[in-house]
Amino acid sequence: MNQQATLLTRPDWRLELQQAFRNPNDLLEYVGLDASQFFEDSRARELFPLLVPRPFARLIKPGDANDPLLRQVLPLKQEFDDTPGYTADPLLEQGDNVAVDKNQGLLHKYQSRILIILKGGCAVNCRYCFRRHFPYQEIRFSQQELSQTIDYLTRNPQINEVILSGGDPLMASDKTLTRIIDALSNVTQLKRLRIHSRLPIVIPTRITETLVGILANTRLKTSLVLHANHANEISAELKHRLASLYKAGIHLFNQSVLLKGVNDNVDSLTELSESLFDCDVLPYYLHQLDKVSGAAHFEVSDDTAQQLWLGMNARLPGFLVPKLVREVGGENSKTAIMPDGRFK
Ligand SMILES: *Cc1c(COP(=O)(O)O)cnc(C)c1O
Ligand code: SF4
């Protein structure tokens, strides 16, 4: 087939994925930095590959090595540091101490909701990711896993919400999503469907009319929880696409990770909340970093986190201040780390 025809018929977001940066030198050159100065750093891609779609790279300020978006995706030599308390599996998801059945791709930690690890890969590799040692590439959620999930739900009638997660669930095709959502909507005990995805942030064209239709045409109350960490990640294209989800009645939320050198100041956090709400997205969680080896240089202390959170409260309405939380293995919910006496 002729190359031009292939490109024209391929859905746009998949093309973006195919054309994403995978080599640190190419990315550095694109953002106007001297790749030779990052020679040592680039070796960290062996720990976790670099992957940066072009729509995200376009939002990086040229020539700025400290750009908050670049810092989230650029391999650095600090990733080789061995820091006490930082491990390969901070949430103990690889062990058998959680109600996890990895063959089924299910995580059932909290009473009323279950998480499906729908798709292994992501469209971007975030250096701070707690899954950096287990990119879950090989996970497949096929027909068999779907029937096992339906069985599991039937045996656990207290579950009323299903969360599609990953990796990134929107890496799945629209056809797969339709099949799964249709099957779930037939489970009468379910009220809600939630999708946790960073894909629309790094490739906004993933939000197609078809996707909006799929999410809008189910009886389940549907939410999309985005993952943006900085206001600069919110482009005009993203805003435009989120508007169609909002108009279709999809509830929009965002979760962020508090990251040193990225968003660890009151101005950035406030601006993020403001920009999100400009797109009708409500801030949901502000997570403390999971202590995964290779990410210690992103750590912000709990003390500082609380000061930043109080700073946000002084500048924003309550509904634009996300809950400050950490995930602790074995707890029955996320653990709040807001200062005492404040909306605990
Ligand atoms: C975070 C998480 C959820 C969702 O928790 P909410 O507080 O409902 O957002 C569900 N299951 C697992 C395994 C989680 O890690
Ligand atoms: S998109 Fe989410 S799961 Fe994927 S690498 Fe980034 S933080 Fe990790």
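See the structure shown above.
Here the structure is a predicted model, which means the values were calculated and not measured. In this numbering scheme, every chain counts its residues from 1 along its sequence in written order. For naming, the first written chain is A and the first written ligand is 1, with later ones following in the order written. Local features in this predicted model are restricted to residues of pLDDT 70 or higher, and side-chain atom pairs are both shown and tallied only at a pLDDT of 80 or more, whereas totals for entire chains, interfaces and linings draw on every residue. Neither water nor hydrogens contribute to the side-chain values; these are computed over all heavy atoms in the structure.

**Topic: the overall build of the protein**
- Within the protein, the secondary structure is distributed over 13 helices and ten strands.
- Radius of gyration here uses only the C-alpha atoms, and the compact-globule reference equals 2.2 Å multiplied by the residue count raised to the power 0.38. Compactness check: the protein gives a C-alpha radius of gyration of 20 Å against a globular reference of 20 Å for 344 residues, within 12% of the reference.
- If you line up the protein on its principal axes, its C-alpha atoms span 65 × 55 × 40 Å.
- Under the scheme applied here, a residue whose accessible area is under 20% of the maximum for its type counts as buried, over 50% as exposed, and between as partly exposed, the area being computed with a 1.4 Å probe on protein chains only. When burial is assessed residue by residue, the protein has 51% of its 344 residues classed as buried.
- Here, residues are in contact when the closest pair of their heavy atoms is within 4.5 Å. Considering only contacts in the protein between residues 6 or more positions apart, those separated by 24 or more positions represent 81%.
- Note on areas: Shrake-Rupley with a 1.4 Å probe; residue coverage comes only from the protein chains shown. Summed over its atoms, the accessible surface of the protein is roughly 15800 Å², and 49% of this surface lies on carbon and sulfur atoms.
- Charge assignment: positive for Lys and Arg, negative for Asp and Glu; neither His nor the chain ends contribute. Charge coordinates come from a single atom per side chain, which is NZ of Lys, CZ of Arg, CG of Asp or CD of Glu. Here the protein contributes 39 positive and 40 negative side-chain charges, whose respective centroids are spaced 5 Å apart. Starting at the N terminus, helices and strands are each numbered in turn, a helix being any DSSP run of H or I of at least four residues and a strand any DSSP run of E of at least two.

**Some details on the packing of aromatic side chains**
- Any two of the Phe, Tyr and Trp rings considered here, Trp counted by its six-membered ring, make a pair once their centres fall within 6.5 Å; the pair's planes then place it as stacked at under 30 degrees, edge-to-face at over 60, or tilted in between. Under the definition given, this model contains five aromatic pairs.
- Where Y128 meets F298, the ring centres are 6.0 Å apart and the plane angle is 90°; that geometry is what we call edge-to-face. Taken as a pair, Y128 in the loop between β3 (113-119) and α7 (143-155) and F298 in the loop between β8 (282-287) and α13 (302-315) lie far apart in primary sequence, 170 residues in all. Each member of the pair Y128 and F298 is classed as buried.
- Ring geometry for F253 and Y284: centres 5.8 Å apart, planes at 45°, overall tilted. Residue F253 is located in strand β7 (residues 251-257), and its partner Y284 is located in strand β8; the two are separated by 31 residues in the primary sequence.
- Residue F253 is classed as partly exposed on the basis of its relative accessible area, which comes to 24%.
- By the ring-pair criterion, three or more aromatic residues cluster together here, those being F253, Y284 and Y285.
- Counted as over-ring charges are cases with an Arg CZ or a Lys NZ within 6 Å of the ring centre that also lie within 35 degrees of the ring normal. It is R54 that lies over the ring of F21; its NZ or CZ is 4.2 Å from the centre.

**A closer look at the pattern of salt bridges**
- By definition here, a salt bridge exists when the distance from a side-chain nitrogen of Lys or Arg to a carboxyl oxygen of Asp or Glu is within 4 Å. Counting across every chain of the model gives 14 salt bridges.
- Among the salt bridges present, the one from E161 reaches R194, with a minimum N-O distance of 2.8 Å. With E161 in strand β4 (residues 161-166) and R194 in strand β5 (residues 192-197), the pair connects residues that are 33 residues apart, well separated along the chain. Judged on exposure class, the residue E161 and its partner R194 are both buried.
- The partner of D267 in a salt bridge is R315, with the nearest N and O atoms 2.8 Å apart. Of this pair, D267 sits in helix α12 (residues 266-278) while R315 is found in helix α13, placing the two residues 48 residues apart along the sequence.
- For D267, a relative accessible area of 47% translates into the label partly exposed.
- Exposure remark for R315: the relative accessible area of 45% places this residue in the partly exposed category.
- A cluster of three or more residues bridged by salt bridges with shared partners is formed by K61, D64 and D67.

**A closer look at the environment of H133**
- On the secondary structure map, H133 appears in the loop between β3 and α7.
- Remark: the alpha-carbon pair of H133 and L47, spanning 86 residues in sequence, is separated by 7.9 Å.
- Those residues within four positions of H133 in sequence are excluded, and the remaining contacts are A88, V292 and S293.
- A polar atom in the side chain of H133 sits 2.9 Å from the backbone oxygen of S293. The definition of a polar contact used here is a pair of N or O atoms within 3.5 Å, where within protein one atom must be able to donate a hydrogen and the other to accept one, and adjacent residues in sequence count solely through side-chain atom pairs.

**Re the site of ligand 2**
- Nearness here has a simple test: a residue counts as near a molecule or strand if at least one of its heavy atoms is within 4 Å of that partner. Close to ligand 2 lie C122, V124, C126, Y128, C129, R198 and H227.
- Grouping the amino acids of the shell around ligand 2 by side-chain chemistry returns five nonpolar, one polar and one charged. Residue classes follow a fixed rule: Ala, Val, Leu, Ile, Met, Phe, Trp, Tyr, Cys and Pro count as nonpolar, while Asp, Glu, Lys and Arg count as charged, and any other residue, Gly among them, counts as polar.

**Quick word on the nonpolar core**
- Nonpolar cores were defined as sets of buried Ala, Val, Leu, Ile, Met, Phe, Trp, Tyr and Cys residues, with membership established by side-chain atoms within 4.5 Å. Grouped together as the largest cluster of nonpolar side chains are 75 residues, with contacts concentrated most on L27, L164, L184, L242 and L245.
- Setting aside chain neighbours within four positions, we find L164 in contact with I116, L118, P169, L177, I180, L184, L193, R194, I195 and H196.
- Ranked by size, the runner-up nonpolar core spans 14 residues in total, among them V300, A305, L316 and V321.

**Here we look at the site of ligand 1**
- Around ligand 1 sit K109, Y110, R113, L115, I163, R194, Y284, Y285, E327 and K334, and those are all the residues in its vicinity.
- Here an oxygen atom of ligand 1 and a side-chain polar atom of K334 are 3.0 Å apart.
- Here ligand 1, which alone exposes 390 Å², has 92% of that area covered by the protein.
- Those elements that provide at least two residues to the shell around ligand 1 are β2 (106-110), β3 and β8.
- Taken together, the residues that form the shell around ligand 1 break down as five nonpolar, no polar and five charged.

**With respect to the pairing of β8**
- Note that β7 and β8 share five bridges and pair parallel. Looking at the pairing, S256 lines up with L286 of β8.
- When the strands point away from the viewer, a crossover counts as right-handed if the route from the first strand across the helix to the second turns clockwise. Each parallel crossover has a hand, and for β7 linked through α12 to β8 it is right-handed.
- Considered for its hand, the β-α-β crossover made up of β8, α13 and strand β9 (residues 323-326) is right-handed. Between any two strands, at least two bridges found by DSSP are needed for them to pair.

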